[in-house]
Every structure is written in structure tokens, then in C-alpha cells.
Amino acid sequence: MSDKASTAASDDEDTNPTWGGRFAARPAGVMEEINASIGFDKRLYAQDIAGSRAHCTMLVAQGIVTSEDGAAILSGLDRIRRQIERGELAFDTALEDIHMNVEARLKEIIGDAAGRLHTGRSRNDQVATDLRLWLRDAIDRLDGELVGLQAALIDQAERHAATVMPGLTHLQPAQPVTFGHHLLAYVEMFGRDRGRAADCRKRLNECPLGAAALAGTSFPIDREATARALGFDRPAANSMDAVSDRDFVVEFLSAAALGAVHLSRLAEEIVMWSSAQFGFVTLSDAFTSGSSIMPQKRNPDAAELVRGKTGRIVGALVALLVTMKGLALSYGKDLQEDKEPLFDAADSLSLCVRAMTGMIADMTVNAEAMRAAAEAGYATATDLADWLVRRLDVPFRDAHHAAARIVGLAEARGVRLADLPLKALREVEPRIDKTIREVLAVERAVASRTSFGGTAPDRVRAAAARARERFL
């Protein structure tokens, strides 16, 4: 029977082949529209078929289904997967979801034996299993993509371990750092994001299959066997929790939202760095766009879109939290609303990570502009105060006050700290000598930050090497 013919045939059967025996009339059109999830849960087809295969194999092993029917079911499921992958299966909204679309097609292929597949399970435990399998795969893909982003950051950090730039607090010049040191901060952030996703994966790896609708089943199923077959660590311990739990989705969306915030922070810096006012980096044609009216423009659209998509990822987390907050145990149709935000957030995060990886690997660094900006903001004032403490034994608070006065002198004269004459420095602290010049140059200031985790170029190179060992 063709796919089109199967849709027509279903209209002549029960009002709904899924649960139509209880009802005497078809649902209203709008009911069918709001109730159907096949438009988005069809992407669970591979996981749904994998779960059905494991369930069928277990039913045969337990003597619940004959080996003959089991073989027919497995063969039919394989055929359906190939048809879906080739785009040959027309999904039917009247069948509501991926589970019933697969089952209906299986019945067309092998006949009544298809109905035995649903023994000892429900769509409630089916979808919970499918979603865990899908998210497990999505986390594995995301981890690989984050590794690629970390690798691009580490590569640039090694190239620019000694490239001086202004380190900012409150978006004001604070102390000179190196560009490599700055980039390695994001390597740490994305490392934590990977850890959170890995934690989520570990916790989600329990199998709901066999929990049935909410109370388990009277059939002698082997939940340990299906859990093993699907790569889970164990079966979920409580049947009510198994079908109603979406903590794993919330946990992933929480990790995704924080990861997106990290991406957005880096995107904002790329937007600033690539502006004419900063001029620290240049993005190529591959990651910028032009203006329809201003021919001179090179807009950092990829970075801006990463920044913008963070809102929808955070929104996905909020949407599911709000959905979950009022649900009593166990399953409610509200849980159908878990998939679209999950799918959208996972897709958006993956896209943002890949776009950011491309931008980081592609950008050209303007080292001279960075160094000039580092020198322009009196960023070595802290080094001046530290020198007064070390060399002249001035209490730090007094040294801080003296350094601030010296900055005021430089600002009034419109010169860098390094350009103030010794006579002017001695107006503030008579004991200052010419050796103070050693700490006023930005390169010397950077090189002096040799504490673990500091910005000295040798420290940055060592940190980059450690990051390669830890993350890549």
C-alpha cells in the first residue's frame, strides 16, 4: 500500500487509530492541529526506531512475542528507517506523533504483527526514552564542537602570548595583559560548559522504557536488557518519575543558556574589537556583511547574531521551567512542549559555537593598535604603586594615593606615564629614581605578572600548553 493510500485508509477505520476505540467522532480540526507533534518530533525517528528494536528484541527473549513476529517487526522497522532517511515516508498529522506514524507504517508492511510491538510500553515511556537518546547524541556532538572552539582559541593564544593589549574593568583601562591571556579566559569558560553538559549526560543516562504509561506493566519484561541494548547505565528506578521527568532537558537548557552567555560575551568583544574605535581585530569577508546604503561598511554580523541568539536559548530554558512548574505527577500533555525549545536551543547553540570557531580562527589581530591602546590608558599605574611598595617600603594605600597623583600629572600634561620627567615624579615622591622606568613600559608590566594564572608571556605559553592537555 502506498503512503498516500495509507492516509486515506485510516479515515475509514476508527476515529483515530491510536485511541479511537473510545471515541465515536473524529476530533475537531483545531484539536487535531494542536494535538499533533509530528511536525517537530519526526526528528526523533532514529531514536524511536532504536527503542522499538530494543523493546522488540526483549519481548522475544522473554517469550512475550514469538520469534517469527519479532523478526518481521525488526525487518519492518529497518525498512521504515531507510524510507524515512530517503524522504519516502509521508508523515500523517492524524497519527499525531512519530511513534504512531512508525507503528502505522509498520502495520502496512507486516500486518497485524505490528500491533504486538506496543506490548508492555506506552507512548509516555517511549517519548521519554527517545528524548534521552536524542539529547545524549546532541551533547556528544556539542562537546566535539566546543573542542573545536577551544582549539581555535588556544591556537590564537599561542600566537599572541606576548601581544600586549589593555585589560579592562568597567570597560575602562585597568592593567595591560596579553591577547593570548585574554583568549585563554574563554577556553576556561567553555571547558566548564563542557563539564556541565557532561554532567547532564551522565544523569540523563537512565532508561524509562518499560515504565509504560506511569505504573509499569504486568508483562514479564526485562528492563535491564532494554537499558543495556540502548547504552543506558540502568533503568529508571520509579515508573512515575520515568515518564514525567524532564529534569534532564531543563539541566541541558540551563547549561546551554550559560554556554550561550559565554559565547555572547565573546561576541560582544569581537564587535568592539573589530570597530573603527578599537581596531584590534579584522574579520574577513567570510564572517562579515556589507550595508545596502553605506558602501564602506563591514559589519560583524556573525558575532552580532551569536549575541542575539543567546536570547532565544535563554528563552527556551524559561519556557520549559514555566511549563514544568505546575505539573502534578505523572504525565501531562503539557510535556509535548518540551521538544521545540530543546531542539531549537540545541540547534542554535551548535550554530553559534561553529560560527564563533570560524571567527576566532579567521580573525586578523592588529598588535600595534592593541599596544597603543594599552599605553594610552595609564594602565601601568598599579605597577607604579607596586614599585613604591617594593623599592621604597611605602604602605600600599599611600603608594596607591601617590600613583593616582602621578596619573593626574600625566593626564594634565597629556603624556604617558612613561614620558613624565623624573623631576615631575619626584614632586610626588622625592625618593623616586630612574629605575622606575622599568615598570612603566607596558611590556615590562605584563612580563612582571608571573604568578600562576598571570598574564606574563611565559605563563601564557605554559597555560596554553596545559589547556591543550586538559581539553583537546
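Quick caveat: nothing in here was measured; it's all calculated off a predicted structure.

S.K.: Tell me about the overall build of the chain, and please be specific about residues and values.
M.R.: Secondary structure assignment for the chain yields 20 helices and 6 strands. In terms of C-alpha radius of gyration, the chain reaches 31 Å, well past the compact-globule figure of 23 Å for 472 residues. For the chain, the C-alpha atoms occupy an extent of roughly 100 × 55 × 40 Å along the three principal directions. Residues classed as buried in the chain amount to 48% of the 472 residues present. For the chain, long-range pairs separated by at least 24 residues make up 74% of all intrachain contacts whose partners lie at least 6 apart in sequence. Summed over all atoms, the accessible surface of the chain reaches about 22,200 Å², with 52% contributed by carbon and sulfur. Of the side chains in the chain, 58 bear a positive and 66 a negative charge, and the two mean positions are spaced by 7 Å.

S.K.: How would you explain the pairing of strand β2 (residues 172-178) if you had to name every residue and give the values?
M.R.: By the bridge criterion, 6 bridges tie strand β1 (residues 164-169) to β2 in an arrangement that is antiparallel. In the strand pairing of β2, Val-164 is matched with Thr-178. Between β1 and β2, which follow one another and run antiparallel, lie 2 residues, and His-170 among them has a positive phi close to 60°.

S.K.: I'd like a description of unusual backbone geometry, backed by residues and values.
M.R.: Here the amide bond leading from Leu-329 into Ser-330 is cis, since omega sits at 10°, within 30 degrees of zero. In this structure, Ser-330 sits in the loop between α12 (301-324) and α13 (339-362). Phi is positive for Glu-96, which is not a glycine, with a value near 75°. If you trace the backbone, Glu-96 turns up in the loop between α5 (67-85) and α6 (98-110).

S.K.: Pulling in residues and values, what's your account of the environment of Gly-259?
M.R.: As for its position among the elements, Gly-259 is in helix α11 (residues 247-273). Between the C-alpha atoms of Gly-259 and Val-365, which are 106 residues apart in sequence, the distance is 25 Å. Leaving out residues up to four positions away in the same chain, Gly-259 has contacts with Phe-190, Asp-193 and Leu-349.

S.K.: Describe the nonpolar core, listing the residues and the values that go with them.
M.R.: Ranked by size, the top nonpolar core spans 85 residues in total, and within it Phe-252 and Met-356 carry the most contacts. The element contributing the most residues to this core is α11, with 14 residues. Beyond its immediate sequence surroundings of up to four residues, Met-356 is in contact with Leu-149, Leu-263, Leu-266, Ala-267, Ile-270 and Val-306. Core analysis: the second largest hydrophobic core is formed by 23 residues, Ala-385, Trp-387, Val-428 and Ile-432 among them.

S.K.: Explain the environment of Phe-280 residue by residue, including any values.
M.R.: Within the secondary structure, Phe-280 sits in the loop between α11 and β5 (281-282). The class for Phe-280 is buried, based on a relative accessible area of 3%. The spatial distance from the C-alpha of Phe-280 to the C-alpha of Pro-341 is 37 Å, given a sequence separation of 61 residues. The contacts of Phe-280, once residues within four sequence positions are left out, are Met-165, Pro-166, Trp-273, Thr-364, Val-365, Asn-366, Ala-369, Met-370 and Ala-373.

S.K.: Would you mind going over the packing of helix α7 (residues 123-159) against helix α20 (residues 457-471) in detail, with residue names and values included?
M.R.: Helix-helix packing is characterised by the crossing angle of the two axes and by the distance between the axes. The geometry of α7 relative to α20 is characterised by a closest axis approach of 10 Å and an angle of 160° between their N-to-C directions. Between α7 and α20, the angle is such that the two are roughly antiparallel. For the element pair α7 and α20, the recorded crossing hand is left-handed. Seen from α7, the contacting residues are Val-147, Gln-150, Ile-154, Asp-155, Ala-157 and Glu-158; seen from α20, they are Val-460, Ala-464, Ala-465, Ala-467, Arg-468 and Phe-471.

S.K.: I'd love a proper account of the pattern of salt bridges, names of residues and values included.
M.R.: One pass over the full model with this rule turns up 30 salt bridges. Salt-bridge contacts for Arg-105 lead to Glu-108; the nearest nitrogen and oxygen are separated by 2.6 Å. Here Glu-108 and Arg-105 lie together in helix α6, a separation of 3 residues that amounts to about one turn. The class of Arg-105 is buried, set by a relative accessible area of 8%. We classify Glu-108 as partly exposed; its relative accessible area is 25%. With a closest N to O distance of 3.9 Å, Arg-449 and Asp-386 form a salt bridge. Taken together, the residues Arg-449 in the loop between α19 (442-447) and α20 and Asp-386 in helix α15 (residues 381-392) connect sequence positions 63 residues apart.

S.K.: Break down the state of the cysteines for me, citing the residues and quoting the values.
M.R.: Inspection of every chain in the model, using the stated rule, returns 0 disulfides. There is no disulfide at Cys-56, and the cysteine sulfur nearest it, in Cys-207, is 15 Å away. On the basis of relative accessibility, which here comes to 2%, the residue Cys-56 falls in the buried class. Free of any disulfide, Cys-352 has its nearest neighbouring cysteine sulfur in Cys-200, separated by 19 Å. Owing to a relative accessible area of 3%, Cys-352 belongs among the buried residues under this scheme.

S.K.: How would you explain the environment of Glu-32 if you had to name every residue and give the values?
M.R.: By the secondary structure assignment, Glu-32 is in helix α2 (residues 29-35). Under the relative-accessibility criterion, Glu-32 is labelled partly exposed at 24%. For the pair Glu-32 and Glu-96, spaced 64 residues apart in sequence, the C-alpha to C-alpha distance is 7.7 Å.

S.K.: How would you explain the packing of aromatic side chains if you had to name every residue and give the values?
M.R.: Evaluation of the coordinates by the stated rule reveals 4 aromatic pairs. Seen in terms of ring centroids, Phe-278 and Phe-280 are 5.2 Å apart; in terms of plane orientation they differ by 80°. Their pairing is edge-to-face. Classification of Phe-278 as partly exposed rests on a relative accessible area of 27%. Against the face of Phe-232 rests Arg-136, its NZ or CZ located 5.0 Å from the ring centre.

S.K.: Go over helix α4 (residues 45-61), please, and point to the residues and values.
M.R.: Taking 1.5 Å of rise per residue, 17 residues should cover 24 Å, and α4 covers 24 Å from first to last C-alpha, within 8% of that figure. Counted residue by residue, α4 has 12 buried out of 17 residues, so it is predominantly covered. All of the buried residues in α4 are Tyr-45, Ala-46, Gln-47, Asp-48, Ile-49, Gly-51, Ser-52, Ala-54, His-55, Cys-56, Met-58 and Leu-59. Tucked into the core, α4 has its buried residues touching α3 (38-41), α5, α6, α7 and α9 (223-229). Looking one or two residues past α4, Gly-63 carries a phi angle of roughly 75°, positive in sign.

Rules used in this analysis
- Residues numbered from 1 in each chain as written.
- Predicted model: local features only at pLDDT ≥ 70, side-chain atom pairs only at ≥ 80, totals over all residues.
- Heavy atoms only, no water.
- Helix = DSSP H or I, 4+ residues; strand = E, 2+ residues; numbered from the N terminus.
- Rg over C-alpha atoms; globule rule 2.2 N^0.38 Å.
- Buried < 20%, exposed > 50% of the residue type's maximum accessible area, 1.4 Å probe, protein only.
- Contact = heavy atoms within 4.5 Å.
- Areas by Shrake-Rupley, 256 points an atom, 1.4 Å probe, with all protein chains shown as cover.
- Lys, Arg positive; Asp, Glu negative; His and termini not counted.
- Charge placed at Lys NZ, Arg CZ, Asp CG, Glu CD.
- Pairing = 2+ DSSP bridges.
- Core = buried A, V, L, I, M, F, W, Y, C linked by side-chain atoms within 4.5 Å.
- Axes fitted to C-alpha atoms, helices over the stretch in contact; angles between N-to-C directions.
- Parallel < 35°, antiparallel > 145°, perpendicular 65-115°, else oblique.
- Left-handed = near helix turned anticlockwise from the far one by under 90°.
- Salt bridge = Lys/Arg side-chain N within 4 Å of Asp/Glu carboxyl O.
- Disulfide = S-S within 2.5 Å.
- Phe/Tyr/Trp six-rings, centres within 6.5 Å; stacked < 30°, edge-to-face > 60°.
- Lys NZ or Arg CZ within 6 Å of the ring centre and 35° of its normal.
- Expected span 1.5 Å × (residues − 1).

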